[in-house]
Amino acid sequence: MLTNQKYSSKLCALAIDEAHVIKQWGTSTNNKLVAFRDCYSRLHEFRSLAPSVHMIALTATATKSTRDTIFAVLLMDNPCVIFESPNKDNIAYVVEYMSRDEDLEHYFSWLVEELREKKEHCDRTIIYCQTIKQCGLLYATLKAALGNDMRIGNGCTNNCLIEMLHSCTPSANKESIIKSFSEECGVIRVLIATIAFGMGVNCQAVSRVIHFGPAKNIESYAQETGRAGRSGSQAVAYLLYNGILLNHVEWDVKSYVRNDMCRRTTILKHFDEDASPHPVLHLCCDYCASKCECGSSDCGTLTMYPSKVPRKEPESKLRSRGVTNEQREAVLEKLTTYHKMLISNLVSTSAKTELKTLTGISLVLGFSELQIQQVLENLRNLFSLLDICKFVEIWDMMHAHKILSIIKEIFKDVQDNTCNVANAEYEIDDTGLLEDWETIIEDDELFAMAVENLSVSQLDESFTEQSANLSGASLDMSLLADVLDNI
């Protein structure tokens, strides 16, 4: 095309947009690896096809090193440089370390609550992940937590509040997601994505950018966080990290998350930009917010990661139901039947019923009158597995599922999806229940701790007394029959 005289005579310029990818993707700092897009490093060859035409390179974020690479690759000798500060005063920067003691749900439960409450009016959020696997894990977590609240309207497959985008996303899905994010009123409120999303998209009404693991370098981080607050309204950029997530990032990002200084200043110094103090300290970053003493109502809250913000929910907003005496009795009857069935099964499956009475049947099962009483006391607030795990001592998720199914059968107000939501933290403990207890029984200290944690005082007194008299002898079938009758 460029060799055609009629066409080349009308050519006024060669424009290279998103020029920072010339260094990012067109070159490689590792001699053992080829560049991701090697052809980007040969863009200067267009000059030989249009020698008299001017060339322009455009990018929103380029450090001095990146600018020098662009000039060298495009053979720009003493170019005219128009530079604008990459600083965005309306974006506050927050860094949050993710503890190993907390699960994934802990760091995103606030977002699930906001989506469930505000639906299509929830603040639009982009969550960047380092890998496709991380995208899938986070998407599945939010989807499971939201259940039927993931969509707006009944039966609408396209009205999803959360979506996922990466290099393997089908083209039709990509187009739909990009279209939604190009409109202020787009349905999608949370997008979980890799760096495959963003460049060339005019993101509208994005209030938050969350990095689940840092970007590869400061330049990429500035580019990705810059997709928030484009309308000029206040926005915030959260960065979540731990030691593992820092493995594959460059030194400038590691310095950013660990430095004890203004986040904005740390970012801008990589662009040879002197950052003047933000006019409102608590709107700058988490570090500056810790120094702010203005006393305003929002001082410190914007730059505190939402999972750490104290939440006081009025009692009236807690989901509850009315419970009649008949319904309470029906639940009691079914739970008691389930309890007897568990004991019967334990007896029949134990080898010749040689079970040490020292353990206590209820202790082995992880289900007793204690759990039944806790269910009855909290019936008005039990609507999901999470509710059951909150109000009832659950040592085996099998019991939680059974309790929820009984409540669903009696009250008819439990959504189907809640019966399928499983917390991975509990799934690990579902297998090998008896084997785990055999280990505890053999260890006196572990056994003492287990007895204390399960409130042994709630165990059947007659059984405890008879167990003490037997002094660890094998369990007799007649004794078991008596126990079953007394439940």
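With an unreviewed UniProt entry as reference, the protein chain is termed DNA 3'-5' helicase, source organism Paramuricea clavata.

Caption draft 1: Region of the structure containing the overall build of the protein chain. Broken down by element type, the protein chain carries 21 helices and 8 strands. The buried share of the protein chain, taken over its 487 residues, is 43%. Within the protein chain, contacts between residues separated by at least 24 positions form 71% of all contacts whose residues are at least 6 apart in sequence.

Caption draft 2: Focus on the packing of aromatic side chains. Within the structure shown, the criterion is met by 9 aromatic pairs. Between Trp-110 and Tyr-305, the aromatic rings sit 5.8 Å apart at their centres with planes inclined by 90 degrees, giving edge-to-face as the arrangement. Here Trp-110, found in helix 5 (residues 104-118), pairs with Tyr-305, found in the loop between helix 11 (286-291) and helix 12 (325-349); they are 195 residues apart in sequence, far enough to count as distant. Across the pair, exposure class does not vary: Trp-110 and Tyr-305 are buried alike. Here the aromatic rings of Tyr-338 and Phe-367 are separated by 5.2 Å at their centres, their planes lie at 80 degrees, and the arrangement is edge-to-face.

Caption draft 3: Spotlight on the nonpolar core. Judged by nonpolar contacts, the single largest core of 36 residues is most densely connected at Tyr-93, Phe-197, Tyr-221, Tyr-256 and Ile-267. Where this core is concerned, the elements lending two or more residues are strand 3 (91-97), strand 4 (124-129), helix 7 (171-181), strand 6 (190-193), strand 7 (206-212), helix 8 (218-225), strand 8 (235-241) and helix 9 (251-258). The element that contributes the greatest number of residues to this core is strand 8, accounting for 4 residues. Contacts of Tyr-93, omitting those with residues within four sequence positions, involve Tyr-221, Thr-225, Ala-237, Tyr-256, Arg-263, Arg-264, Ile-267, Cys-284, Cys-285 and Asp-286.

Caption draft 4: Expanded view of the pattern of salt bridges. As enumerated under the stated definition, the model contains 12 salt bridges in all. One salt bridge connects Arg-42 with Glu-45, and the closest N-O pair in it is separated by 3.7 Å. Exposure remark for Arg-42: the relative accessible area of 38% places this residue in the partly exposed category. Glu-183 is the salt-bridge partner of Lys-179, the closest N and O atoms lying 3.0 Å from each other. Judged by relative accessible area, which is 31%, Glu-183 ranks as partly exposed. Within this structure, Asp-38, Arg-42 and Glu-45 form a network of salt bridges that share partners.

Caption draft 5: Focus on the sheet that holds strand 8. Ordered by their spatial adjacency, 6 strands build an open sheet running 3-8-7-4-6-5, and the pairing between neighbours is parallel. Across the chains shown, the open sheet's two edge strands, defined by having one partner strand only, are strand 3 and strand 5 (162-165). Going across the sheet, the axis of each strand differs from the next one's by a mean of 15 degrees, ignoring polarity. Note that strand 3 and strand 8 share 7 bridges and pair parallel. Within strand 8, the residue paired with Val-95 across the bridge is Leu-239. Seen against the sheet, helix 8 touches strand 3, strand 4, strand 7 and strand 8 and runs at an angle of roughly 150 degrees to strand 7.

Caption draft 6: Representation of helix 6 (residues 132-146) in the model. In a regular helix each residue adds 1.5 Å, so 15 residues correspond to 21 Å; helix 6 covers 21 Å between its end C-alpha atoms and thus fits that length. Turning to helix 6, its buried residues are Gln-134, Cys-135, Leu-138, Tyr-139, Thr-141, Leu-142 and Leu-146. Viewed end-on, helix 6 has its buried residues packed into an arc of 160 degrees, placing them on one side of the element. Those residues of helix 6 that are exposed and aimed more than 90 degrees away from the buried face are Lys-133 and Leu-137. On its buried side, helix 6 packs onto helix 5, strand 4, strand 5, strand 6 and strand 7. Where helix 6 terminates, the next one or two residues include Gly-147, which has phi positive at roughly 60 degrees.

Caption draft 7: Region of interest: the environment of Ser-296. Note that Ser-296 resides in the loop between helix 11 and helix 12. Judged by relative accessible area, Ser-296 falls into the partly exposed class, the value being 31%. Residues Ser-296 and His-282, spaced 14 residues apart in sequence, show a C-alpha to C-alpha distance of 9.4 Å. Within the structure, Ser-296 has its side chain in polar contact with the side chain of Asp-298 (distance 3.0 Å).

What counts, and where the lines are drawn
Residues numbered from 1 in each chain as written. Predicted model: local features only at pLDDT ≥ 70, side-chain atom pairs only at ≥ 80, totals over all residues. Heavy atoms only, no water. Helix = DSSP H or I, 4+ residues; strand = E, 2+ residues; numbered from the N terminus. Buried < 20%, exposed > 50% of the residue type's maximum accessible area, 1.4 Å probe, protein only. Contact = heavy atoms within 4.5 Å. Phe/Tyr/Trp six-rings, centres within 6.5 Å; stacked < 30°, edge-to-face > 60°. Core = buried A, V, L, I, M, F, W, Y, C linked by side-chain atoms within 4.5 Å. Salt bridge = Lys/Arg side-chain N within 4 Å of Asp/Glu carboxyl O. Pairing = 2+ DSSP bridges. Axes fitted to C-alpha atoms, helices over the stretch in contact; angles between N-to-C directions. Expected span 1.5 Å × (residues − 1). Arc of directions from axis to C-beta. Polar contact = N/O pair within 3.5 Å; in protein donor to acceptor, adjacent residues only side chain to side chain.

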